[in-house]
Amino acid sequence: MGESSCAALGSTSIMSTLLNLKMANNAVAADLPTDSEDRKTLVCLYLLGGIDSYNVLIPNDTARYADYAATRTNLALAQQSLLPLSQSVNGDGQEYAIHPAMGGLQKLFNGNGTPEGPRRLSFISNIGTLIEPMTRNQYKDRLKPRPRGLFSHSDQSEQWQTSLPQGETNLTGWAGRTADILHDQSNGGSKTSMSISLAGNNIFQVGRDTQQFVMTHRGALTFSELSGNNHPTALKNLALRSMMEQQYNHLMEKAFAELTNQSLDQQEFVQGEFDALEEGFAGVSFPDSGIARNLLATLKTIALRAKLGLRRQTIFVSRGGWDHHSSLIEPQQNLLAELTPALAAFQQGLENCGLADSVLTFSASDFARTLRSNGSGSDHAWGGNQFVMGGAVAGGQVLGQYPSLAPDSPNDVGRGGRILPTTSVDALVAELLLWFGLEGRANFEQVLPNLSNFYDIGDAEASDPSTLPIGFLKPDSF
Amino acid sequence: MKARIFGACVALTILVSLINRRSPEPETKDGAPQNEANLVFSKEPPDPVLSDTMLAGYAGKDTSAAEDLEMMARFIDSVFLLVKKRDTADYSTNEDLVLFLHGSNSHRRPFLAQDGPALNSKGQLVDRWNSPLILHPVSQKLLELRSAGGDKIPYTKDDLLWPDQS
């Protein structure tokens, strides 16, 4: 029933286009930096609906697989079908495998032992929304504050994007708050938005002074889109253009029309640059799927960041459809089979363009799903497994504390196997932002008000990953 | 059905005034009871609970399965209207919702009768075929409801949904 409504988080509406005007307009007078060094992009891949991530990263030694199989029953994947992972020496020393449809990510995790095939991907296990660390008893006895609206889609999706599980009156996303701090400082006075969404409007990139620039896989949303036919959008666009091109006597009207026309011109400039990059520009072929088209557009947008005058950039991409109550095995297989080659092509494109070290991609989702089957699917749960991918990632590690999947394990808060997270979203975000260039305790407190409950940012030493919140970055990555 | 809704509105109004007359209950900092097991319920004769009126006739001969589901949804919405502090309350599963409706809420007040056609012997909310209702927490404000329908097998074509997805 709610499966369909889960897909309604973002929309590329006229509102997005209007919001874009503010961003694009400002770019007209932007004083673009010329320094080509030190550019970084954070890419958030949001999996809407709550991915069953205990069928993504699976324990593969005999005893722990037996626990997995006993708890998951008809949702368990056959051990012989799993793709084994080979952890680096820095991993947790346990045996893992990933879903059989994820061959492309297995290669990025394992590498091939050569400089041409480095390890680019690590997993973070049992991560989820928390206000402060807590044990199962503290959860059950309500001795520590719980995140609001646990186990519900919109609340948990919002909290992954805001890192404010206690809520706030004027809600902003952690990427938006970061942009409030970094945009002027890092983007050299450029007023082009550093927050680009390929999934409609989101809370992730909304800051006090920041809105996202919404694009589609075809590029910027422009008022000239679909011109030349009788499509209602084309007619609307023509009407708006026509209104702006009228001669106005009133000073305010005149200024508004001029400003808007400049914005439209700038959007068309962005679109022109975007279109000039042909699909094969990165020397890699993308599969034919919606998420692949969006990741290709992401790659183009990153390749254009210098022309847009951006040293720092966040990009939001999403894929819905993970809310598998009625049936898990086959639909998740299909989604992973679609997602994996798109991600692999994206990473290969970054490598080919020499951008791998300056782009960090991470996955996020509302929550993981119950370990126990509800018949043929699984329900909403809490802590789960996510990945980080990029040249700055010390690949080949399973980080965090992978929980016991045995029935009624110490982290199971009940109702079908819902696992209490042992790593907070704050920890992930803090490490991402260390790499991204956020500095200073006050700035971290502004972006992540709960961070000090988990980690003292003063402990971070770039040369020693063991001092970092999670430890997925290579030494001296920031 | 209209008479039933009118009756429910009257009952709701009375209940709101009763709740507003009561002195505030002590609460934890997140507005939820400290521990479900430690709840202390009033020893006075119980006030009429909301379900007495709003679920009257539930799963009876005068209602259809769709009307049952609507009745249950209206009842839950009304409780949510009364209990506004629900930030960290847990009602994401059938069993947790029943605890919530029986008094594990910031008002420490029961809204659901201890027995009746809406509950099975395991204390779960059920449809007219005695199958547990399936909850889908979309947000704190919206719980979608599913009845497994006459075949008693969830996620099949004869399922009934609230809000209706058709």
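Residues numbered from 1 in each chain as written. Chains lettered and ligands numbered in written order. Predicted model: local features only at pLDDT ≥ 70, side-chain atom pairs only at ≥ 80, totals over all residues. Heavy atoms only, no water.

**Observations concerning the overall build of chain B**
A count of helical and extended segments in chain B gives four helices and three strands. Counting from the amino terminus, chain B carries its helices and strands in the arrangement α-α-α-α-β-β-β. Expressed as a percentage of its 166 residues, the buried residues of chain B come to 46%. The long-range share in chain B, meaning contacts at least 24 apart out of those at least 6 apart in sequence, stands at 54%. By element, 57% of the accessible surface of chain B is carried by carbon and sulfur atoms, the whole surface being about 8800 Å². (Helix = DSSP H or I, 4+ residues; strand = E, 2+ residues; numbered from the N terminus. Buried < 20%, exposed > 50% of the residue type's maximum accessible area, 1.4 Å probe, protein only. Contact = heavy atoms within 4.5 Å. Areas by Shrake-Rupley, 256 points an atom, 1.4 Å probe, with all protein chains shown as cover.)

**Regarding the pairing of strand β7 (residues 213-216) of chain A**
All names here are of chain A. Residues F213 and M215 line one face of β7 and the alternating positions V214 and T216 line the opposite face, and both faces are buried. Of the strand pairs in this sheet, strand β6 (residues 195-197) and β7 are connected by two bridges, and their pairing is parallel. Note that in β7 the partner of S197 across the bridge is V214. Here β7 pairs with strand β8 (residues 219-220) via two bridges, running antiparallel. Each bridged residue has a counterpart across the sheet, and for T216 the counterpart in β8 is G219. Hairpin geometry of β7 and β8 is characterised by an intervening segment of two residues between the two adjacent antiparallel strands. (Pairing = 2+ DSSP bridges.)

**Some details on the sheet that holds strand β2 (residues 57-59) of chain A**
Residue and element names in this part refer to chain A. Taking strand neighbours across the sheet as the criterion, the three strands line up as β2-β4-β3 in an open arrangement whose pairing is antiparallel. A strand with exactly one partner marks an edge of an open sheet, and here the two such strands are β2 and β3 (83-84). Summarising the sheet, β2 and strand β4 (residues 96-98) pair through three bridges and their orientation is antiparallel. Across the sheet, the residue bridging to I58 is A97, located in β4. Where helix α3 (residues 62-72) meets the sheet, its contacts fall on β2 and β4, and the angle it forms with β2 comes to roughly 115°. (Axes fitted to C-alpha atoms, helices over the stretch in contact; angles between N-to-C directions.)

**Remarks on the packing of helix α10 (residues 290-303) of chain A against helix α11 (residues 329-352) of chain A**
Residues and elements named next belong to chain A. Interaxial distance between α10 and α11 falls to 9 Å at its minimum, and their mutual angle equals 15°. Comparing their axes, α11 and α10 come out roughly parallel. Between α10 and α11 lies a crossing whose hand is right-handed. Contacts from I291, A292, L295, T298, L299 and I302 in α10 reach E338, L339, A342, L343, F346, G349 and L350 in α11. A class-by-class count of the residues in the contact of α10 with α11 yields 10 nonpolar, two polar and one charged. (Parallel < 35°, antiparallel > 145°, perpendicular 65-115°, else oblique. Left-handed = near helix turned anticlockwise from the far one by under 90°. Nonpolar A, V, L, I, M, F, W, Y, C, P; charged D, E, K, R; others polar.)

**Some remarks on the pattern of salt bridges**
Residues and elements named next belong to chain A. Applying the stated criterion across every chain, the model contains 19 salt bridges over all chains. Two residues, D52 and R72, come together in a salt bridge whose shortest N-O distance is 2.6 Å. Residue D52 is located in the loop between β1 (40-47) and β2, and its partner R72 is located in helix α3; the two are separated by 20 residues in the primary sequence. For E132, the salt bridge identified is with K144, shortest N-O distance 3.5 Å. With E132 in the loop between β5 (121-128) and α5 (136-140) and K144 in the loop between α5 and α6 (153-162), the pair connects residues that are 12 residues apart, well separated along the chain. (Salt bridge = Lys/Arg side-chain N within 4 Å of Asp/Glu carboxyl O.)

**Considerations on the confidence of the model for chain B**
Overall, the predicted model of chain B reaches an average pLDDT of 83, with 72% of residues at or above 70. Throughout residues 21-27 of chain B the model reports pLDDT below 50, and contacts reaching past four residues in sequence, or to other chains, amount to seven contacts. (pLDDT = per-residue confidence, 0-100.)

**Quick word on the nonpolar core**
Residue and element names in this part refer to chain A. Core analysis: the largest hydrophobic core is formed by 111 residues, its most contacted members being F123, W174, F346, L360, L428 and F472. Looking at this core element by element, the count peaks at 10 residues for helix α12 (residues 425-436). Sequence-distant contacts of L428, defined by excluding residues within four places in its chain, comprise I124, I127, W160, F362, V388, I470 and F472. (Core = buried A, V, L, I, M, F, W, Y, C linked by side-chain atoms within 4.5 Å.)

**Remarks on helix α3 (residues 65-82) of chain B**
A rise of 1.5 Å per residue sets the reference length of α3 of chain B, with its 18 residues, at 26 Å; its end C-alpha atoms lie 26 Å apart and thus fit the reference within 8%. Every buried residue of α3 of chain B is accounted for by A65, D68, L69, M71, M72, A73, F75, I76, S78, V79, F80 and L82 of chain B. (Expected span 1.5 Å × (residues − 1).)

**Some remarks on the confidence of the model for chain A**
Per-residue confidence for chain A gives a mean pLDDT of 88, with 88% of residues at or over 70. Across residues 24-34 of chain A the pLDDT falls below 50, and counting only partners more than four positions away or on other chains, this stretch makes 27 contacts in the model.

**Examining the layout of surface pockets**
A water-sized probe, rolled over the atoms, reveals where empty space remains. A volume near 610 Å³ is recorded for the largest pocket. Along the wall of the largest pocket there are 27 residues; nearest its centre are N374 and D379 of chain A together with T93, E95 and I134 of chain B. Elements with a contribution of two residues or more to the lining of the largest pocket: α4 (94-101) and β1 (134-137) of chain B. Ranked by residues supplied to the lining of the largest pocket, first place goes to β1 of chain B with four residues. A per-class count over the lining of the largest pocket returns nine nonpolar, 12 polar and six charged. (1 Å grid on protein atoms, 1.4 Å probe; cavity = no way out; pocket = protein on both sides within 12 Å on 5 of 7 lines; lining within 4 Å. Points joined across faces, edges and corners; volume = space filled by probe spheres on them.)

**Observations concerning the packing of α3 of chain B against α4 of chain B**
Packed helix pairs are characterised by how far apart their axes lie and by the angle those axes make with each other. Residues and elements named next belong to chain B. Relative orientation of the contacting elements α3 and α4 amounts to 55°, with a least axis distance of 12 Å. Judged by the angle between their axes, α3 and α4 are oblique. With respect to the hand of their crossing, α3 and α4 are arranged in left-handed fashion. From α3, F75, I76, V79 and F80 reach across to α4, where they touch L97, F100 and L101. Of the residues contributing to the contact of α3 with α4, the split by class is seven nonpolar, no polar and no charged.

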